[in-house]
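As a plain string of letters, each chain reads:
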There are 2 protein chains.
Amino acid sequence: MYPTNTAIMPLPNQEPQLIKLKHRLSEINDIESVVSLLHWDQATYMPAGGATARGRQIATLKQIAHQKFTDPALGQLLEDLHPFEASLSYDSLAASLIRVTRRDYQRAIRVPAEFMARLSQHQAASYSAWSKARPENDFAKVQPYLEKTLDLSLELASFFNNSQHIADPLIEQNDYGMSVAMIKPIFQQLRQQLIPLIKAIADSPPINNSCLHQFFAEQEQLSFIKGVIFRLGYDFNRGRQDKTLHPFATKFSIGDVRMTTRVYEHHLDQALFSSIHEMGHALYEQGLAPEFEATPLARGTSFSVHESQSRLWENLIGRSRGFWEWFYPQLQGTFIRQLGQTSAEQFYRAINTVQPSLIRTDADEVTYNLHAMIRFDLELAMLEGTLAVGDLRDAWNERYQKDLGLIPSNDTNGVLQDVHWFVGLIGGMFHGYTLGNLMSAQFYEALIDSDPEIPVQIERGNFRHLHHWLRSEIYQHGRKYTSDELLERVTGQGLSLEPFMNYIRNKYGYLYNIKL
Amino acid sequence: MYPTNTAIMPLPNQEPQLIKLKHRLSEINDIESVVSLLHWDQATYMPAGGATARGRQIATLKQIAHQKFTDPALGQLLEDLHPFEASLSYDSLAASLIRVTRRDYQRAIRVPAEFMARLSQHQAASYSAWSKARPENDFAKVQPYLEKTLDLSLELASFFNNSQHIADPLIEQNDYGMSVAMIKPIFQQLRQQLIPLIKAIADSPPINNSCLHQFFAEQEQLSFIKGVIFRLGYDFNRGRQDKTLHPFATKFSIGDVRMTTRVYEHHLDQALFSSIHEMGHALYEQGLAPEFEATPLARGTSFSVHESQSRLWENLIGRSRGFWEWFYPQLQGTFIRQLGQTSAEQFYRAINTVQPSLIRTDADEVTYNLHAMIRFDLELAMLEGTLAVGDLRDAWNERYQKDLGLIPSNDTNGVLQDVHWFVGLIGGMFHGYTLGNLMSAQFYEALIDSDPEIPVQIERGNFRHLHHWLRSEIYQHGRKYTSDELLERVTGQGLSLEPFMNYIRNKYGYLYNIKL
């Protein structure tokens, strides 16, 4: 349905300065796409001996891309294009391209190249220290690195001096238009509602999910998964799935959007749902308007909207009863010995077990947000100066006990479990996981409103209308609209808690047979 | 034995201008290495939809590398380094680095960037036309492209106005120091000696090689090959083998040198010997001195010396009786049903069958050089203006009848069979295949002279001394010495026909039981 030929199409309006701008942006985009390929190769096929040079190659290309993007000549082009932009409609491709590029440019030039180099260098050192400290359960070993990361995060934020909250510039890096002021009250409500709800579930008879923990051979799992994601709409002519350690999706062009997975032979749900999750990210990128190719418009609009798309497919679709109405007979056929005696209903219950746990990435969709919000609150406290890095472990463990009723037995399954703070910044990421969950329910509600037949089609294995709706309402727009604008356009309102809580109450009220 | 850590080591002499030069060269080398990865990915895993953007990404990076390498500031650094270079010994790392870089620089700046862009564009169009014309047996369709390629080849050669023969600059691109004047007389002698020799073999009773054409499952072939190349010394911590359409070896750093292969399930010899061939290229690159990393010294010194290393492993080692003394029992164990009744001697004869054929890449080591020399003579004639592109097909077929006693039944197995003229230049490549064969025998003779025990060790599956000798005499030097210098150093003489002809006469005299 979509052309696989993603050659750069001529812009409708051939303004000379715009042609020059597009030419520069295409070159920068090529370099950045190649950096993504270098990372993909590193995580899939690269032999160990390639690591040192690979790090250097990535740094070299990133630096060239940064130099080219912060070139004052690019700023001048954007300046020159002001009158032209003003003559166009906000929605037009050209106006959107100029607007989004200017926004990126103005952010990029605020950060000195010298700082970027210093940050990269520290991040590499910190990641390396974390990789050793984590298996050794030794938070003290990385504490000095984390302290420096906090300093650097504050320094980065300080380059953007017009923000309301110190964390806002970090949040805006990944979620333009979002702010602490906007997120915090919603998170407080969410937490207040989730904690008693999870308590009620914990007090109910547990669901038996032992059917997932038999032996499921890797090759059969991968074959079944390939069939599922093909059916859901992933275009294998414009992508592929490979094995890795930490699954991710990545794009080298609109015609080449790849995903990766990892298989556990005693946890059937792991590769399956992580593949559907990554496929959600990949469908977003495969669904971009082809004329955005090689421009800053050609990617999902924000971290949280991206996450909403992966979670929508993983949870609202992939963990629904209707989905397995279609796919379960095939899964049973693949694993007759293991699942021959398990009904679709039993399987549906097994993949939706709620169980407070210590590890965010293993959490079910109900408790997951508590994990993300703990991190968000702790990083805000560090940035605000009310929590010292040295007290982080205690604060972490305290919150886990309070929110999830569990205390980490060590740092590996506690404060050291996530890579984010140790390879990136403190601030700007974790909020996106929960915002993504909230938005996924908002988008899904809008989708059902606009086409109430979709759940029936899902039961029949027909995902075309669903995919088409997502493509036309969300995917194709890339970064043309901000998260807020997109939410308003698609759902008619801003960020809201209600659709998510309704979804959770209905689904888990039924599964646990309680009034939530 | 070799460090897998290929971090850039400090040069012994920290001359400030040299540090600046190294820094620039490292950046350029990073970009060029990434271009190699883009090609590798394109030929192994890239989905079809990625093709358009991939072509653009490769062009973008190549252009950036070219701009950076021809930057006058780099020329100035080389200029400034003259006195420093003069103070060093010719063999020193620093002097070699400056010398080789200057040679490359002086060649690069002679070619206008505008020409390079024009050439690249034409090459892409020509390759695309050839890809269609070849299966259609339609030389006429690509003739206009080939005519333009000839013009561009002549234009490129014309930028180097001090050459003796118009083809010399093209040859020097791949084989610095080589010339038509040097190659032509040797090729004439070689051809004169080979033609009657092949005639004598053709008149002898043929060898039965049907044992190679049973069914050999792909997975078993790949497993056996992996074991062989591991044993021969290929370092899997610094490389890997993947499947592709046209096998090649490639390097992204000294710590990451990969090879590719293609398996035919009814031709046991194809994947096996092409893998040993590509491994020969890969061992050369894996064996470079680690301190050359990310400099222009870090690759095999020339096309023909590179080919000598792949052919040495493929033919002089891989097709020897001693080699199979060790490996044949393992091969038999892998394919008991197919080879259980075939002796090692029968197998050795089967893999050394001489049979004039139409396809260069399928040719045995005796007739192979006739194929390469036909192309060399034809391209010289085109460059000299004595053969029009329009007459190429007839000239080709005439020479095949004369030299090999066969006439191509169509263009696919005739004039259109090789990609070289259609994606590159006319001139500068084909001579290298035959020079490589001649040099492989010269190097092998020197090797046996220096350590007569090596053939015995090969029979016992011990390849360490052999590999060590090649590493210390050839591999580690990279581009420090030119082909000529290296030949002189290692064999005590320049290019010579004798070792190759002695090898062929001895081996095939025995196999065909005739006096050659």
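Reading the values: rules and limits
- Residues numbered from 1 in each chain as written.
- Chains lettered and ligands numbered in written order.
- Predicted model: local features only at pLDDT ≥ 70, side-chain atom pairs only at ≥ 80, totals over all residues.
- Heavy atoms only, no water.
- UniProt positions renumbered as here; feature names shortened; annotations may be inferred.
- Helix = DSSP H or I, 4+ residues; strand = E, 2+ residues; numbered from the N terminus.
- Buried < 20%, exposed > 50% of the residue type's maximum accessible area, 1.4 Å probe, protein only.
- Contact = heavy atoms within 4.5 Å.
- Domains from an automatic or database assignment.
- Buried area = accessible area lost by both parts, 1.4 Å probe.
- Salt bridge = Lys/Arg side-chain N within 4 Å of Asp/Glu carboxyl O.
- Polar contact = N/O pair within 3.5 Å; in protein donor to acceptor, adjacent residues only side chain to side chain.
- Nonpolar A, V, L, I, M, F, W, Y, C, P; charged D, E, K, R; others polar.
- Pairing = 2+ DSSP bridges.
- Phe/Tyr/Trp six-rings, centres within 6.5 Å; stacked < 30°, edge-to-face > 60°.

Draft legend 1. Representation of the UniProt feature "active site" (unreviewed entry) in chain A in the model. All names here are of chain A. The UniProt record marks Glu 278 with the feature "active site" (unreviewed entry), using the residue numbering of this structure. Mapped onto the elements of the fold, Glu 278 is located in helix 11 (residues 268-286). Classification of Glu 278 as buried rests on a relative accessible area of 9%. When neighbours within four sequence positions are excluded, Glu 278 is seen to be in contact with Pro 247, Phe 248, Ala 249, Met 259 and Thr 260.

Draft legend 2. Looking closely at the domain arrangement of chain A. Residues and elements named next belong to chain A. Partitioning chain A into domains gives domain 1 (16-110) and domain 2 (210-357 + 462-512). Between domain 1 and domain 2, the residue contacts involve 21 residues of the former and 24 residues of the latter. Buried area between domain 1 and domain 2, both sides added, is near 1900 Å², and the carbon and sulfur share of it is 56%. Counting the surface domain 1 buries against domain 2, the share from its top three residues, Trp 40, Asp 91 and Leu 93, is 27%. Our enumeration of links across domain 1 and domain 2 arrives at two salt bridges. With a closest N to O distance of 2.8 Å, Arg 479 and Asp 104 form a salt bridge. Counting the contacts that link domain 1 with domain 2 gives eight residue pairs in polar contact (both at pLDDT 80 or more). Looking at the side of domain 1 that touches domain 2, the elements with two or more residues in it are helix 1 (16-44) and helix 5 (93-108). If you tally residues by element for the side of domain 1 that touches domain 2, the top one is helix 1, at 10 residues. The class makeup of the residues in the side of domain 1 that touches domain 2 is nine nonpolar, seven polar and five charged.

Draft legend 3. Local environment of the pairing of strand 2 (residues 249-253) of chain B. With four of its five residues buried, strand 2 of chain B lies for the most part within the structure. Taking the residues that link successive antiparallel strands as the turn, the strand 2 of chain B-strand 3 (residues 256-261) of chain B hairpin has two residues.

Draft legend 4. The interface of chain B and chain A, seen in detail. Counting from both sides, the interface comprises 43 residues of chain B and, opposite them, 43 residues of chain A. If you look at where chain B meets chain A, you find eight salt bridges. Where B:Asp41 meets A:Arg258, a salt bridge forms, and the shortest distance between an N and an O atom there is 2.7 Å. Counting across the interface, chain B meets chain A through 14 residue pairs in polar contact (both at pLDDT 80 or more). Looking at the side of chain B that touches chain A, the elements that each hand over two or more residues are helix 1 (16-44), helix 2 (51-69), strand 2 and strand 3 of chain B.

Draft legend 5. Fine view of the UniProt feature "binding site: Zn(2+)" (unreviewed entry) in chain A. All names here are of chain A. Sequence positions flagged by UniProt for "binding site: Zn(2+)" (unreviewed entry) are, in local numbering, His 277, His 281 and Glu 307. A maximum C-alpha distance of 8.7 Å places the annotated residues, which cover 31 residues in sequence, within one compact spot. Its location among the elements puts His 281 in helix 11. Those residues in contact with His 281, other than ones at most four positions away along the chain, are Ala 249, His 306, Glu 307 and Ser 310.

Draft legend 6. Here's a closer look at the packing of aromatic side chains. For the coordinates displayed, the defined rule picks out 49 aromatic pairs over all chains. Relative to B:Phe422, the ring of B:Trp130 lies with its centre 6.0 Å away and its plane at 15 degrees, an arrangement referred to as stacked. Linking B:Trp130 in helix 6 (residues 113-133) with B:Phe422 in helix 18 (residues 420-423), this pair joins segments that are 292 residues apart in sequence. For the pair B:Trp130 and B:Phe422, a shared accessibility class is recorded, and that class is buried. Pairing B:Trp421 with B:Phe430 gives two aromatic rings, centres 5.7 Å apart and planes at 80 degrees, and the pair type is edge-to-face. By relative accessible area, which is 3% here, B:Trp421 ends up buried. Residue B:Phe430 is classed as buried on the basis of its relative accessible area, which comes to 1%. Ring pairs connect the aromatic residues A:Phe273, A:Phe323, A:Trp324, A:Phe327, A:Tyr328, A:Phe347 and A:Phe463, which therefore count as one cluster.

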